[in-house]
Amino acid sequence: MAKEDLQGGELTVTESRTRLKKPPLYRVLLHNDDFTTMEFVVYVLQKVFQRSEADAVRVMLQVHLEGVGVAGVYTYEVAEMKAAQVASLAQSSEYPLLCTVEADESGG
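Before going into details, it helps to say that this report is about the structure given with it.

Side note on the sheet that holds strand β3 (residues 25–31)
Part 1 of the reasoning: Strand order in this open sheet of three strands is β4-β3-β5, and the pairing throughout is antiparallel. Two strands bound the open sheet, and with one partner strand each, they are β4 (68–75) and β5 (98–103). Each strand of the sheet is rotated relative to its neighbour by a mean of 25°, with strand direction disregarded.
Part 2 of the reasoning: The pairing of β3 with β5 spans six bridges and is classified as antiparallel. Its bridge partner being in β5, leucine 30 is matched across the sheet by cysteine 99.

Shown next, in the form of structure tokens:
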């Protein structure tokens, strides 16, 4: 921002720095059910969340054994979009796979 010095007629430039706050993050969760196959959960993790096969199997086993697993952590808009993609894939494949979004309280 330029300011004019009233006495000397000179222009001085002052620099203002704005620190952008990082957007809050949200976890995309997959929930276990009795009907969705393990293979389909692995497929979803690879297709929607770009997980490697080994990582997708690890998350799928977490969902299977613990009842819920973290598919990914994203900004709100991306998390909601991924959850919608999962719901669409599950519905078109006639699976009741539940995918939810919650605030990531871990701080990153």
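Regarding helix α2 (residues 53–66)
In an α-helix, one turn spans 3.6 residues, which is why side chains three or four residues apart end up on the same side.
Part 1 of the reasoning: The end-to-end C-alpha distance of α2, which contains 14 residues, comes to 20 Å, matching closely the 20 Å that a straight helix rising 1.5 Å per residue would cover.
Part 2 of the reasoning: Among the residues of α2, Ala56, Val59, Met60 and Val63 are the ones counted as buried. Looking straight down α2, one finds that the buried residues subtend no more than 100° of arc, so they occupy a single side. Seen from the open side of α2, the exposed residues pointing more than 90 degrees away from its buried face are Ala54, Leu65 and Glu66.
Part 3 of the reasoning: Each element contacted by the buried residues of α2 is listed here: β3, α1 (38–47) and β4.
Part 4 of the reasoning: Looking one or two places after α2, you find glycine 67, whose phi comes out positive at around 95°.

A look at the pairing of β3
Within a regular strand, the side chains alternate between the two sheet faces.
Part 1 of the reasoning: Here β3 runs beside β4; their pairing, made up of seven bridges, is antiparallel. Looking across to β4, one finds that leucine 29 is bridged to valine 70.

Reading guide: rules and limits
- Residues numbered from 1 in each chain as written.
- Predicted model: local features only at pLDDT ≥ 70, side-chain atom pairs only at ≥ 80, totals over all residues.
- Heavy atoms only, no water.
- Pairing = 2+ DSSP bridges.
- Helix = DSSP H or I, 4+ residues; strand = E, 2+ residues; numbered from the N terminus.
- Axes fitted to C-alpha atoms, helices over the stretch in contact; angles between N-to-C directions.
- Expected span 1.5 Å × (residues − 1).
- Buried < 20%, exposed > 50% of the residue type's maximum accessible area, 1.4 Å probe, protein only.
- Arc of directions from axis to C-beta.
- Contact = heavy atoms within 4.5 Å.

By themselves, these are just geometric observations and shouldn't be taken as functional.
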